[in-house]
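The chain contents come next:
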Amino acid sequence: MGTVTLTVPDLTTLVREGNVVVLSGAGLSTESGIPDYRGPSGAFKRNHTPMTYQAFTRDVVARRRYWARSFLGWRMISRAEPNDGHRAVAALQGQGFVGDIITQNVDGLHQAGGADGVIELHGSLDHVICLDCGEKSPRLELDDRLRAANDGFGHDFDPDTVNPDGDVDLPEEHLDRFTVVDCIDCGGTLKPDVVFFGESVPKDRVSRCQAAVAGAGLLLVLGSSLTVYSGRRFVVQATQAGIPVAIVNQGPTRGDEHALIRVDAPLGPTLTALAAATT
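Presented here is an overview of the structure given in this document. (Residues numbered from 1 in each chain as written. Predicted model: local features only at pLDDT ≥ 70, side-chain atom pairs only at ≥ 80, totals over all residues. Heavy atoms only, no water.)

Here we look at the sheet that holds strand β8 (residues 245–248)
With parallel pairing, the six strands of this open sheet are ordered in space as β3-β2-β1-β7-β8-β9. Each having just a single partner strand, β3 (118–120) and β9 (261–263) make up the two edges of the open sheet. Direction aside, neighbouring strands of the sheet carry axes that sit 15° apart on average. Bridging between strand β2 (residues 98–103) and β3 involves three bridges; their strand directions are parallel. Counterpart to Thr103 in the pairing with β3 is Glu120. Strands in contact with helix α4 (residues 84–94) are β1 (20–24), β2 and β7 (218–222); relative to β2, the strand with the most contacts, it is inclined by about 145°. (Pairing = 2+ DSSP bridges. Helix = DSSP H or I, 4+ residues; strand = E, 2+ residues; numbered from the N terminus. Axes fitted to C-alpha atoms, helices over the stretch in contact; angles between N-to-C directions. Contact = heavy atoms within 4.5 Å.)

Details of the pattern of salt bridges
Within this structure, the stated rule accounts for five salt bridges. A salt bridge links Asp84 to Arg87; the nearest nitrogen and oxygen atoms lie 2.9 Å apart. Taken together, the residues Asp84 and Arg87, both in helix α4 and three residues apart, mark about one turn of the helix. The closest approach of N and O atoms between Lys191 and Glu199, which form a salt bridge, is 3.3 Å. (Salt bridge = Lys/Arg side-chain N within 4 Å of Asp/Glu carboxyl O.)

A word on the packing of aromatic side chains
Aromatic ring pairs are described here by two measures, namely the spacing of the ring centres and the angle between the planes. Counted according to the given criterion, the structure contains eight aromatic pairs. With a centroid separation of 6.4 Å and an interplanar angle of 65°, the aromatic rings of Phe56 and Trp67 are classed as edge-to-face. Of this pair, Phe56 sits in helix α2 (residues 53–58) while Trp67 sits in helix α3 (residues 60–79), and the two are eleven residues apart along the sequence. The two residues Phe56 and Trp67 agree in class, both being buried. Aromatic pair Phe71 and Phe178: ring centres 5.6 Å apart, planes at 50°, arrangement tilted. Highlighted residues: Phe71 in helix α3 and Phe178 in the loop between α7 (172–175) and β6 (190–194), separated in sequence by 107 residues. Cluster of aromatic residues (ring-pair linked, three or more members): Phe56, Tyr66, Trp67 and Phe196. Just above the ring of Phe56 sits the side chain of Arg63; from NZ or CZ to the centre is 5.9 Å. The ring of Phe196 has Lys191 lying over it, and the distance from NZ or CZ to the ring centre is 4.8 Å. (Phe/Tyr/Trp six-rings, centres within 6.5 Å; stacked < 30°, edge-to-face > 60°. Buried < 20%, exposed > 50% of the residue type's maximum accessible area, 1.4 Å probe, protein only. Lys NZ or Arg CZ within 6 Å of the ring centre and 35° of its normal.)

Details of the nonpolar core
Judged by nonpolar contacts, the single largest core of 28 residues is most densely connected at Val15, Val22, Leu220, Leu222 and Leu271. Contributions of two or more residues to this core are made by α1 (8–15), β1, α4, β2, β7, β8, β9 and α10 (267–277). When neighbours within four sequence positions are excluded, Leu271 is seen to be in contact with Leu28, Gly85, Ala88, Val89 and Leu222. By size, the runner-up hydrophobic cluster in this structure holds 27 residues, among which are Ala68, Leu72, Trp74 and Cys183. (Core = buried A, V, L, I, M, F, W, Y, C linked by side-chain atoms within 4.5 Å.)

Spelled out as structure tokens, the structure:
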């Protein structure tokens, strides 16, 4: 299918038919102050290397590095506010045009913006899980413990280095001063309840997403380069099932060849105009 670059009115016509499933990525949260991975000022442009599941579980030093960086970065993520794009998606859902929302983001901003039925494909930074006993607990609880164990740590860090996965870039010499805490219940290893690079998305979560896409009248991709297969698979699924795909993103994506409509524009203003046009 050849990509056709069209305007918001063209997209409005499709959305008005309803039964829209949204697939969102990091580009939707950039206007909330959280950089994406591959945009002009994204994490990869700064040579940031995300933590992998293999390194986190096998390397004590890598795990301490992650928690030191995440300790600071999560404060920025937790203070982020939903932007016009998140609110517009919630408005479209409230109008009955959008049903399920699949997000690759771990920041919880869809829900904060008023959306329901959000499937967090890669989990959420709001909780942590013990890799030994499986107990889940709130991130706020862990943050209190980390603050107590690391008084004064990172007071001079640069907030502009926060990344979409909730960590920040820190000089190596700072990391030796950081103390990691373990699970209160069993003393095991704590991990944020998110899917790291190199880790598989839980099968039941993938099945929920596949079922949502299978019943869609339109798959609307928002702010994702679709570089990672865990999200791109749903574009492929929709295409194979004959379900139209529309993409709103700044810059090219790996799903462009599957798109019926492609809008290259900022997410906030575009989605706000879309929600207004459907009222």
